[in-house]
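Here is what each chain is made of, one letter per residue.
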Amino acid sequence: MKILNLYVIRNFMGTFLMAIGILTFGMTGSHLMKVFEYISSGVPIRNAFIFLLYVLPIVLAFTIPWAALVSVMLVFGRLSADNEITAMRACGVSILQIVAPIIVIAFLLTCTCLYLQLQVGPHYLGEARNLVKNVIVEQPTAIFEPGIPVRYSDLYIYIGSKDDNRIHDIQVYRMGKNGKWEQDVTAASGIVEVDKEKQMLNVILENATVAAYEGGRNSKTMRRTFSKELTFQIDYGRGFNAARVSRKDKYLTAMELLARMSLDKKRGEDTTQLEVELNQRVALALAPIAFLLLGMPLAVRTSRRETSIGLFLSVLLAGLYFGAVLVSDTLRESPKLFPQYIVWIPPALYQIFGAFYIFKIAKR
């Protein structure tokens, strides 16, 4: 019996490690692009890769369950297709004995996901956000990317290219209170400076042309003026400090969420959004067990060796589970629909149907 269990564990862990490596690399792809952008903007390589390490825990919280599902589908699908499960059962080994070590592994993976979702992930996600803000302070041109608009308050800033803290081919739009265009500024070149004491960014444009409408509603005329030097100030400090006073719930650990919920309840405020956040994290962390319970009997029943079939079913099941849980985000503003309880529908369905089919197979 020990030999059979070790055989199943070895197959499962080999596939799991390969799957988690591929999935984690794929899900961190967008973050890797940011790292390379920061490095090209002059940000120290050390800080750029620290940012990647900060977002890794929350990525692992999603890739660990998904990798477990891929492993279950591929390993048990192959064992069933090769009639190895049939041979084991013919020797008096029940399906529950075969899957028992994988249940233990799934439990350990669930504990790991709970730790990542409730404690480590949110904390380091907030640290990654703060690191990006510090990058803006230390390397102001890092926020300016050619062809991508940068918005601050009523300003939209476009640049064509940049070189260190010097920017070129600049277009600045100033919007009015009603969101309509008020002023258009163009300049061939400029420089970005940072005042760390006042926490201000100074965008200094050289040889700038300013176009703006003047006159009444029925007699507006466009007037163009030339300025040898024109400066825009961006108060990044005000937004930075305000964000620290009230952190978003996705950056709070489980204990911090519970503390904020307790405080809001004492104030008589609605805590639905905080409850949704906490319930979502727990539901997502329980995914390894849910995926095992449903994925294993499904793999046995399909009995396919083809990797493509297993991968397709893994993507489908994981997408439905994660998507259904995250749908509750759209209902955060509707407390009458009880989104904090709706989030538990996918985990309940997966585990109920999975347990039912496992016992159904075991009775054969």
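Residues numbered from 1 in each chain as written. Predicted model: local features only at pLDDT ≥ 70, side-chain atom pairs only at ≥ 80, totals over all residues. Heavy atoms only, no water.

K.L.:
Help me out: how do you make sense of the overall build of the protein in this one?
P.N.:
Helix and strand counts for the protein come out as 12 helices and seven strands. When burial is assessed residue by residue, the protein has 43% of its 364 residues classed as buried. Taking contacts inside the protein between residues at least 6 apart in sequence as the whole, the part at least 24 apart equals 65%. Element-wise, carbon and sulfur atoms account for 60% of the exposed surface of the protein, whose accessible area totals about 19,600 Å². (Helix = DSSP H or I, 4+ residues; strand = E, 2+ residues; numbered from the N terminus. Buried < 20%, exposed > 50% of the residue type's maximum accessible area, 1.4 Å probe, protein only. Contact = heavy atoms within 4.5 Å. Areas by Shrake-Rupley, 256 points an atom, 1.4 Å probe, with all protein chains shown as cover.)

K.L.:
Looking at this structure, how should I read the pattern of salt bridges?
P.N.:
Oppositely charged side chains can form a pair if their charged atoms are brought close together. Within this structure, the stated rule accounts for two salt bridges. In this structure, Glu206 and Arg166 form a salt bridge, with 3.2 Å as the shortest nitrogen-oxygen distance. Of this pair, Glu206 sits in strand S6 (residues 200–214) while Arg166 is found in strand S4 (residues 166–175), placing the two residues 40 residues apart along the sequence. Glu206 gets classed as partly exposed once you look at its relative accessible area, which sits at 25%. For Glu277, the salt bridge is made with Arg281, and the minimal N-O distance between the two is 3.0 Å. Taken as a pair, Glu277 and Arg281 lie in helix H8 (residues 272–285) at a separation of four residues, close to a single helical turn. (Salt bridge = Lys/Arg side-chain N within 4 Å of Asp/Glu carboxyl O.)

K.L.:
Whenever I open this one, helix H7 (residues 254–267) confuses me. Can you help?
P.N.:
In an α-helix, one turn spans 3.6 residues; hence positions three or four apart end up facing the same way. Between its first and last C-alpha, H7 extends 20 Å over 14 residues, near the 20 Å set by a 1.5 Å rise per residue. Just past H7, the residue Gly268 takes up positive phi, approximately 80 degrees. (Expected span 1.5 Å × (residues − 1).)

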